[in-house]
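Structural overview
Now for the letters of each chain:
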Amino acid sequence: LAVNDDAQITIETYQPNRIALEVTGGPGILVLSEVYYPGWPVKVDGLPGAIVPVGGLLRGVELANGAHYIEFLYRPILVYIGAGISALALLITIICLFWRKPEASGNV
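For clarity, every value in this text was computed on a predicted model and none was experimentally measured.

This brings us to the overall build of the protein. Scanning the protein from N- to C-terminus turns up 1 helix and 8 strands. Across the 108 residues that make up the protein, the buried fraction comes to 24%. If you take every contact in the protein between residues at least 6 apart in sequence, the share linking residues at least 24 apart comes to 55%. Counting every atom, the protein has about 7800 Å² of accessible surface; 62% of that belongs to carbon and sulfur.

Structure representation (structure tokens):
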């Protein structure tokens, strides 16, 4: 992590899908030693922020002077697309199981 020399950084949560930090200091760029990868939106003080690729490899976020609460959440869009497709497939399967064609009446 790096913002500038006088910054104080406290890691609140460091989990596979969520990273939350408190940063005092700035202005500067908070750089995580995490690979820049789509699907990691950032919130700065509860508002959507912009992730800055640092060195073409790492994740960063620009911060103004002061105290900030930063939260990175892993929300890959492909997971939601896959869940939607799976739900639709389940719905079609249920409809096919319970839908019956009307039987023809009459003897030949």
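This paragraph deals with the nonpolar core. Counting residues in each nonpolar core, the largest one holds 12 residues, listed as I19, L21, V23, L30, L32, W40, V42, V44, V61, L63, I70 and F72. Counting residues per element, the ones that place at least two in this core are β2 (18-25), β3 (28-35), β4 (42-44), β7 (58-63) and β8 (66-73). Ranked by residue count, the leading element in this core is β2, at 3 residues.

The next point concerns the sheet that holds β8. Hydrogen bonds between backbone groups are what pair the strands of a sheet, and the pairing can be parallel or antiparallel. What the 5 strands build is an open sheet, ordered β1-β2-β8-β4-β5; its pairing is antiparallel. Strands at the two margins of the open sheet, each flanked by one partner only, are β1 (8-15) and β5 (47-49). In this sheet, adjacent strand axes meet at a mean angle of 25° when their direction is disregarded. For β1 and β2, the ladder comprises 7 bridges, and the chain directions are antiparallel. Counterpart to T13 in the pairing with β2 is A20.

With 4 bridges joining them, strand β6 (residues 51-54) and β7 adopt antiparallel strand pairing. Within the sheet, the bridge partner assigned to P53 lies in β7 and is R59. From the end of β6 to the start of β7, which pair antiparallel, there are 3 residues, and G55 there has a positive phi angle of about 65°.

This paragraph deals with the side chain of E71. Tracing the backbone through its elements, the reader meets E71 in strand β8. Here R18 takes part through its side chain, which lies 2.6 Å from a polar atom of the side chain of E71. Excluding residues that lie within four positions of it along the chain, E71 makes contacts with R18, I19, A20, P41, V42 and K43.

Excluding glycine, a negative phi dihedral is what most residues carry, and trans is how most peptide bonds are arranged. Not every positive phi belongs to a glycine, and D45 is a case in point at roughly 55°. With respect to the helices and strands, the residue D45 is situated in the loop between β4 and β5. D45 sits in the partly exposed class, given a relative accessible area of 41%.

Moving on: the packing of aromatic side chains. Applying the stated rule across the entire model yields 1 aromatic pair. With 5.2 Å between their ring centres and 35° between their planes, W40 and Y74 make a pair best called tilted. Highlighted residues: W40 in the loop between β3 and β4 and Y74 in the loop between β8 and α1 (77-98), separated in sequence by 34 residues. Under the relative-accessibility criterion, W40 is labelled buried at 11%. Over the ring of W40 we find R59; its NZ or CZ atom is 4.2 Å from the centre of that ring. The ring of F72 has R59 sitting right over it, with the charged end atom 5.4 Å from the ring centre.

Each value, and the rule that gives it
- Residues numbered from 1 in each chain as written.
- Predicted model: local features only at pLDDT ≥ 70, side-chain atom pairs only at ≥ 80, totals over all residues.
- Heavy atoms only, no water.
- Helix = DSSP H or I, 4+ residues; strand = E, 2+ residues; numbered from the N terminus.
- Buried < 20%, exposed > 50% of the residue type's maximum accessible area, 1.4 Å probe, protein only.
- Contact = heavy atoms within 4.5 Å.
- Areas by Shrake-Rupley, 256 points an atom, 1.4 Å probe, with all protein chains shown as cover.
- Core = buried A, V, L, I, M, F, W, Y, C linked by side-chain atoms within 4.5 Å.
- Pairing = 2+ DSSP bridges.
- Axes fitted to C-alpha atoms, helices over the stretch in contact; angles between N-to-C directions.
- Polar contact = N/O pair within 3.5 Å; in protein donor to acceptor, adjacent residues only side chain to side chain.
- Phe/Tyr/Trp six-rings, centres within 6.5 Å; stacked < 30°, edge-to-face > 60°.
- Lys NZ or Arg CZ within 6 Å of the ring centre and 35° of its normal.

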